Amino acid sequence: MEEPLSLTALPSWFVVLPDTDAAAPVAAKALSYASHSLAHASGRPWLVGRWAAQTAIVGVHGDTRVAVIGEHSVTRQEAQRAAASASTAASLTALDRYSTAWAGSFHLMASSGGRVRVQGGVVDLRRVFHADAASPASGRVTVAADRADVLAELVGAALDERRLALELLTLGVPHPLSGSPQWRDVHALPGGHYLCLDAHGRARSIRWWSPPDPEVPLAEGAARLREVLTAAVDVRTRGRDLVTADLGGLDSTAVCCAAARGDAQVVAYTAALHDELGDDVHWARRTVRALGAVEHHIVPAEDTALTFDGVDTLQDVLDTPSMLTVDRNRRMHLVALAAARGADLHLTGLGGDELLAGTPARLHALISARPFVALRDVRGYAAKYQWPRRKVLRQLADRRSYRSWLARVARDLTKPAAAADEPLLDWSVPPRMPPWATSEAVAAARELLNSCLPDAAPRGRGHGEHRELAAMDGISQWTRHIGQMAAPLGITVAAPYYDDRVIEACLAVRTPDRISPWRYKPLIVEAMRGIVPEAVRTRGTKANATFEEETGLRRHRSRLLALCEDSRLGRLGLIDADALREWCRRSLSAETESYLLHPTVACEVWLRSREMTPAPPGR
């Protein structure tokens, strides 16, 4: 029998088991690959897996156990108090007030009286997956894990080719199917929910978090963001001698400056861009001069990988395809340098854009509440992005439901993509299947989208909240993938903007105070007074990597063509490899054409990576 790839090769994973003998077969299999295990009060296995000892804390009170795993500063005493509260209340819902107060990014697990709680985060950085496993005693029993591939290997789930067809969609898979596992009968828990397992191993999903109403004025919101963001950074840096950090745009600058206030030595890295208009290096140098105590390394553009570099040789063990694959070597270069410098923690500003810049789609709700302010901002966005007035008015007047929008997406999968001047005021930019997708792939994607229509609801209340939370789900998954890529290097990539408390603080701020065509990220600018040097705090520019994409396509065309040979997607009947090959040979625009390749490359690379011979972690 072949060794399971993920259970054998991954340095970090865990599975959560219900308190029943019916879970014994899955527990036995997991234990054979694990380095750590914790037991229910009954003595049955509860948490089994591999994790760094310093990331886990356990509190016990009577027959109640509470475990926290991740980036946090929860002490054993605090975990014990949480366990005591749950035990006294005889309800695992008593843990809500603890999970909503603790800083950091973590999974929370609890076991009490035969019941089990498994909780991740409010977006898709800390995920919970669940599946039913066969049991000789009861037929089926539900188990959970933090990785879909680990769970699939434990329960013997097969690849779902239909689900993989959906991953070919340009611009990503829409909610509620985004981030779904690629294996049959393996399910993902929605953000802001926890999984409850009863004594028989039966599961139900319970919502514990909802986004706050955007009612807080800018000054109050900035003070709150300053408090929670600095706490989020301090959770990671406290007690360390050395941490590394990205120092590029305004968001990563805020995180780096917050880290520089602590006791740890901060080593910052800035990647220069090939594009002469990229100004990250200029602003980073000004930041470091003002801070004084930060060790700074500028990585020359010629030393940084371009888009599509190495895509035919990647061997990361990810639990889902990742569009980050096309930029894997470029993004991981700084992380590898940080690991070589001796750091075991690297801070990033990922997540800041979705929270701090937000989306103009919030104007849908603002028009009803504050029409004159909304009209002013509509004019500002239309001028800034050169949106045609007719299209702006049409989208703002469109009151059709999210279900209706999703039905149109399913219907129009092969229609031309939205025009470049289409306003960003709808539920989302409608994704399309790429021109090399087979009719079978289109049919499978359409079937899956239509199947979720009866229960389809937006991720948030209204266009804006939905669009922001859906974007956070998507980009936080990229951040999660970076973490999975970095784990074999022995380094944790931390994204404080995706902490639950930070997300709450930002979303609570009044829409026109947080999202504006007239000011660049006003919330973080105000929050970082006295932390980010004044010389850079009001920076209003943001670099992009369009040049890296277009140059990378030309330089690494042979690597893309190599993926067309014996294509795994072609074997599955999902793409026409000849059509893809011809597309890869063309001169493509990074703004309007080459991005169509990203999901397909991600899926092809992922399928090939699942064929690897497993090696123990650390090799």
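Quick look at the structure, then. Predicted model, so just to flag it, every value in this text is computed and none were measured.

Side note on the environment of Glu 548
Looking at the element boundaries, Glu 548 is found in helix H22 (residues 546-555). For the pair formed by Glu 548 and Asp 377, sequence separation is 171 residues and the distance between their alpha carbons is 32 Å. Discounting chain neighbours no more than four positions away, the residues touching Glu 548 are Leu 273, His 274, Asp 275, Leu 306, Thr 307 and Arg 330.

Digging into the pairing of strand S3 (residues 45-50)
Counting buried positions over the 6 residues of S3 gives 5, a clear majority of the element. Sheet topology places strand S1 (residues 13-16) next to S3; 4 bridges connect them, and they run antiparallel. Residue pairing across strands places Phe 14 opposite Gly 49, the latter belonging to S3. Direction of pairing for strand S2 (residues 36-39) relative to S3: antiparallel, over a ladder of 4 bridges. Paired with His 36 across the strands is Gly 49, a residue of S3.

Observations regarding the sheet that holds strand S7 (residues 115-119)
Across the sheet, which stays open at both edges, the 6 strands sit in the order S4-S5-S6-S7-S11-S12 with antiparallel pairing between neighbours. Both edges of this open sheet fall to strand S4 (56-61) and strand S12 (203-207), since each of them pairs with a single strand only. For this sheet the average axis-to-axis angle between neighbouring strands, irrespective of direction, equals 20°. The sheet contact formed by strand S11 (residues 193-197) and S12 spans 5 bridges and is antiparallel.

Let's talk about the side chain of Arg 328
Examined against the element boundaries, Arg 328 turns out to sit in helix H10 (residues 328-341). Exposure remark for Arg 328: the relative accessible area of 18% places this residue in the buried category. Each residue touching Arg 328, except ones within four places of it in the same chain, is listed here: Leu 314, Asp 316 and Met 485.

Quick notes on the pattern of salt bridges
The tally for this structure, following the rule as stated, stands at 52 salt bridges. Among the salt bridges present, the one from Arg 539 reaches Asp 279, with a minimum N-O distance of 3.0 Å. One end of the pair, Arg 539, is in the loop between helix H21 (534-537) and H22; the other, Asp 279, is in the loop between strand S14 (265-271) and helix H9 (280-291), and 260 residues separate them in sequence. We classify Asp 279 as buried; its relative accessible area is 19%. Across the salt bridge formed by Arg 581 and Asp 578, the nearest N and O atoms sit 2.6 Å from each other. Here Arg 581 pairs with Asp 578, and both are found in helix H25 (residues 577-584), just 3 residues apart, close to one helical turn. With relative accessibility at 49%, the residue Asp 578 sits in the partly exposed group. Shared partners join several salt bridges into a network, and the residues in it are Glu 71, Arg 126, Arg 236 and Asp 499.

Re the sheet that holds strand S8 (residues 129-135)
Reading across from one edge, S2-S3-S1-S9-S8-S10 is the order of the 6 strands in this open sheet, with antiparallel pairing throughout. The sheet terminates laterally at S2 and strand S10 (186-188), the two strands that pair on one side only. In this sheet, neighbouring strand axes are inclined to one another by 25° on average, regardless of whether the strands run parallel or antiparallel. Here 3 bridges tie S8 to S10, and the two strands are oriented antiparallel to one another. Residue pairing in the sheet places His 130 in a bridge with His 187 of S10. Here helix H2 (residues 24-31) sits on the sheet and contacts S1, S2, S3, S8 and strand S9 (139-145); the angle it forms with S3, its principal contact strand, is near 30°. This element, helix H5 (residues 148-155), spans S1, S8, S9 and S10 of the sheet and lies at about 5° to S8.

Calculation criteria
Within any chain, residue numbers begin from 1 and follow the written order of that chain's sequence. At least 70 in pLDDT is required for a residue's local features to be given in this predicted model, at least 80 for side-chain atom pairs to be given and counted, and no such filter applies to totals for whole chains, interfaces and linings, which use all residues. For side-chain calculations, the full set of non-hydrogen atoms in the structure is used, while hydrogens and water are omitted. Counting from the N terminus, the helices are DSSP H or I runs at least four residues long and the strands are E runs at least two residues long. Residue contacts follow a heavy-atom distance rule, with two residues in contact if any of their heavy atoms lie within 4.5 Å. The rule is simple: take the accessible area with a 1.4 Å probe, protein chains only, and divide by the maximum for that residue type; under 20% is buried, over 50% is exposed, in between is partly exposed. DSSP calls a pair of strands paired once it identifies at least 2 bridges connecting them. Note on geometry: axes are C-alpha line fits, over the in-contact stretch for helices, and angles between N-to-C directions span 0 to 180 degrees. When a carboxyl oxygen of Asp or Glu is within 4 Å of a side-chain nitrogen of Lys or Arg, the pair counts as a salt bridge.

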